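A structural walkthrough
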Amino acid sequence: MTDASLSGPDSTPLPQGKTSLLAQDSRTKRRNAAEKRFRFYGMAAVGVGVLFLVVLLVAIVRNGTPAFTQTFIELPVQLSQEKLDPDQTGDPEVIKKTSTFGYNGMIDQALLDLMAAHGLDSPFDKGADLRKMISASVPAQVRDYAIAHPDQIGQTVVFKVLASSRVDGYEKGRVTREALARDKNLDAEHLDLVDQMRDAGILKRSFNLDFILGTDASESRPEQAGIGASMVGSFFMMLVVLFLSLPIGVAASIYLEEFAPKNWITDVIEVNISNLAAVPSIVFGILGLAVFIQFAELPQSAPLVGGLVLTLMTLPTIIISTRASLKAVPPSIRDAALGVGASKMQSVFHHVLPLAMPGILTGTILGLAQALGETAPLLLIGMVGYIASNFPDGIAAGFLDPNSAMPAQIYEWAKRADPAYYERAWGGIIILLVFLLTMNFIAIILRRRFERRW
Amino acid sequence: MPATWIFLFVLALAVIGYVLGRRKAMASAGGDGRLMHSLPSYYGYNAALFVLVPALLVLGAWLVAQPMVIERSVQHMIPETAYETSGELSLIMSDVHRVASGLETAVTTGQITAPQLEAMQAGSTDVRGLLGSVGVAVGSDVDAVTLEAAKSYRARNATADTLRNIVVGLLALAGMALAVLRTDKDYRARNSVEKVVLALLILAASLAVLTTLGIVFSLLANTIQFFKLYPWTDFFFGTTWAPSFGGGSELGILPLFWGTFYISLIALAVAVPIGLFAAVYLSEYAPKSVRSFAKPLLEVLAGIPTIVYGLFALLTVGPMLLTAFGPDSVGWMSGGTAVMTAGLVMGIMLIPFVSSLSDDIINAVPQSMRDGSYGLGATKSETVKQVILPAALPGIVGAVLLAASRAIGETMIVVLGAGAAARLSMNPFEAMTTVTAKIVSQLTGDADFASPEALVAFALGMTLFVITLALNVFALWIVRKYREQYD
């Protein structure tokens, strides 16, 4: 492509003298350079987009993986006979009389003994100072053990206890000695001791299953918090969404695609559905608050209400994808069914619907994945701010008792002041993304396996 | 007998109806299926639907209506001298509910008998102790009015429950009898079943309309309530946002609008160029292998939940911007949360939105237009700039508008990344807040739904709903109008 043929009185004057197809003139050069530039911009745009994705994923993985490990200390505690069960009854009711506070003395002594046994150079004489290095959950852990094993009282039992979040942060490189200067929870001397304990092999970092399966903890014990209870909340919410949005969505799509007459009512419904799909999710939260909680007086923070709100939100998505897969079934199938005497209803339910099912399921799974990650409506119906420290007992409680949901729990952690919770929030995101990835993967497999080309 | 049992009873009757209907139809045809109008199972379904539909409709309506009716009639028992505002009345009523449920438990567990309960007086019996023993803690002693109201509440509920069960049960039986009596081989069972199924399908389809109506009514009712307490001129034209739950709040929407607009603008400034160039490159330049690899990668960005972007803004982008523009360098930024932080991250989120919509639109431009342009000697970039983009422009505008409506309605990124201060400022490195973020902050926590500070959230929601709806309708209209040109 050259401009040689353009040399005429109207066009831009070309360089004087001979022009050749082999030598590019300046205008061609300019145009080719512009072409290259444009192409580069396009590549750069795609590159920047992919780069953002990579940065996001790297940030998630780098900040989130430490949440899956936790620092533990192996602590032999002597369960004092005279303190817990002086009359040697072995009765759990007697042992229960000692509150968690009453275990502090035993634990302090155990820590002092531990220092002495390993010959560690401890600057602290009082056990209470050493206790700052372990989690505030330890007394409860020891007490639960004592109540469950009354026969062990009087013995020395080795507990694997959680280190406090500051110690854990030091092990993970989050807490430095300088940062502790203004911190009243831990001193720099503690960290010297931590170094010694690590060398002595009594302080170890290992995989923390409780982060995945455990429950949330109060603001002051990030080392104990887990996402398990909110996972259960999310699960019950997804059950509600699945069992409501799939049948309702499929029924609505069948009507609109197969039976609806072409009139203004149908038009209104169709425009309505496409607009509902673009309504901001927070508006659905307001709807849920006003209708389900203010008007119908359903319990706040219940997965049932969350599920209902998310159902309304995902319905348009499911209807749109279901209609697309119904439309993809060729009319010849319907005609053949009608030809052998089936009614319209029979042709749809016996032939069209089964053929469209893979597409419908794919759309439903993608809709569920969208609902699983949605946070904003849950904020309004009170699924945050609630500390999910218990698992629901039973199925009815699972639907009706206050609980959190995975994204709401992550938001809750992100809002707390302690940076140790930020690590939990990133870790929670990894778990959430694993769920989403799995669901998308299942959807892709379904599509690959059952998709039919007509 | 709770509603579950009558529900199960109706279900059981439906199963019996199915069996009876099917059997009777078969018998009337002498066991020869060819003589019947419909397939045998339709006669069964017909009988089952005759049992289920009227009985369950009445049951549902009853369950909704009974609490309202009884609530109202018991409220009349409480003398008007006992309360001054509706709030106090609802407090008394919630006491009544608790006492009534406590009495119910006491009777079912056998603590007292029904006649004893009838004779119970507020002064003579220790009602509080009795309630405490069945696990219902009452703050103060139960007074005579509350006790009488609670007793009547319990009694009326019990009567209504019995009545309901009788009515629903009879209805189910009558439906079954009618259906079975009408069944014979010439009965058009399939038509009657299909009519009911079609009605169910229509009901499901109209749920979408009901949702919209629900949104509009719940927003509208509370917004009107709000404007009764707070003048609408101050709301729409006020330039200060300073809610205080003690009263005397200033609730002007302008600073929130400005924050929303500013953040969306930055988000679009990031997303539109990148998204558009990416779409052009992927549809016009990229070899197939690159396209099949890069397009899904970009779309992953759209599948990531917004809470992830929010956290990314709060913990990664915010601190990063702070080191670049914070007090240690140029000093434009004083905290990690800022308009820039939220805008940038929201822009990343919107890239796939813009790119995949534009991609579809660019692909819809007919190949003949490209060929014509190449034939005249234009380069690829000249074709894109002078032929394809002008042809696709309305669609691209529609895509950008859809992205803008997404940006305006986005919540989690701004809640976590933009800060909480409502400001009218030009500095993009300052913290500002948006309409969505304020809806969240006004409605979380135990807000009193009667105060203007909580109700303002509904007015904000209404504004948001109207704006995003208008943007969507406009965008869809543009896209649709454009599509008609080439189809």
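Okay, so let's go over this structure. Values in this document were obtained by computation on a predicted structure and should not be read as measured data. (Residues numbered from 1 in each chain as written. Chains lettered and ligands numbered in written order. Predicted model: local features only at pLDDT ≥ 70, side-chain atom pairs only at ≥ 80, totals over all residues.)

**Considering the overall build of chain B**
When helices and strands are counted, chain B shows 17 helices and two strands. Relative to a compact globule of 487 residues, whose C-alpha radius of gyration would be 23 Å, chain B shows 33 Å and is clearly more extended. Its C-alpha atoms give chain B principal-axis dimensions of about 95 × 75 × 40 Å. In chain B, which comprises 487 residues, the proportion classed as buried is 42%. A fraction of 75% describes how many contacts in chain B between residues 6 or more apart in sequence connect residues 24 or more apart. (Helix = DSSP H or I, 4+ residues; strand = E, 2+ residues; numbered from the N terminus. Rg over C-alpha atoms; globule rule 2.2 N^0.38 Å. Buried ≥ 20, exposed ≤ 12 C-beta atoms within 10 Å, placed from the backbone. Contact = placed C-beta atoms within 7 Å.)

**Overview of the environment of Glu270 of chain A**
All names here are of chain A. Topologically, Glu270 is positioned in helix 12 (residues 264–276). When the 16 C-beta atoms within 10 Å are taken as the criterion, Glu270 is described as partly exposed. Placed 100 residues apart in sequence, Glu270 and Gln370 show a C-alpha to C-alpha distance of 22 Å.

**What to know about the packing of helix 1 (residues 26–64) of chain A against helix 20 (residues 419–450) of chain A**
Residue and element names in this part refer to chain A. Put simply, helix 1 and helix 20 touch, their axes get as near as 8 Å, and they point 120° apart. Here helix 20 runs oblique to helix 1, going by the angle between their axes. Taken as a pair, helix 1 and helix 20 cross one another with a handedness that is left-handed. In contact with Ile60, Asn63 and Gly64 of helix 1, helix 20 contributes Glu423, Trp426, Gly427, Ile429 and Ile430. Looking at side-chain class alone, the contact of helix 1 with helix 20 contains four nonpolar, three polar and one charged residues. (Axes fitted to C-alpha atoms, helices over the stretch in contact; angles between N-to-C directions. Parallel < 35°, antiparallel > 145°, perpendicular 65-115°, else oblique. Left-handed = near helix turned anticlockwise from the far one by under 90°. Nonpolar A, V, L, I, M, F, W, Y, C, P; charged D, E, K, R; others polar.)

**Some words on unusual backbone geometry**
Despite not being glycine, Ser301 of chain A has its phi angle at roughly 65°, a positive value. Look at Ser301 of chain A and you get buried, because 23 C-beta atoms sit within 10 Å.

**A few points about the nonpolar core**
When a protein is soluble and globular, its nonpolar side chains tend to lie buried together. By size, the foremost hydrophobic cluster in this structure holds 188 residues, and its most contacted members are Leu311, Val345, Val354 and Ala403 of chain B. Ignoring any residue separated from it by four or fewer positions in sequence, one finds Leu311 of chain B in contact with Ile410, Ala414, Ala425, Trp426 and Ile429 of chain A together with Leu416 of chain B. Core analysis: the next-biggest nonpolar cluster, separate from the first, contains 30 residues, Leu114, Leu130, Val194 and Met197 of chain A among them. (Core = buried A, V, L, I, M, F, W, Y, C linked by C-beta atoms within 7 Å.)

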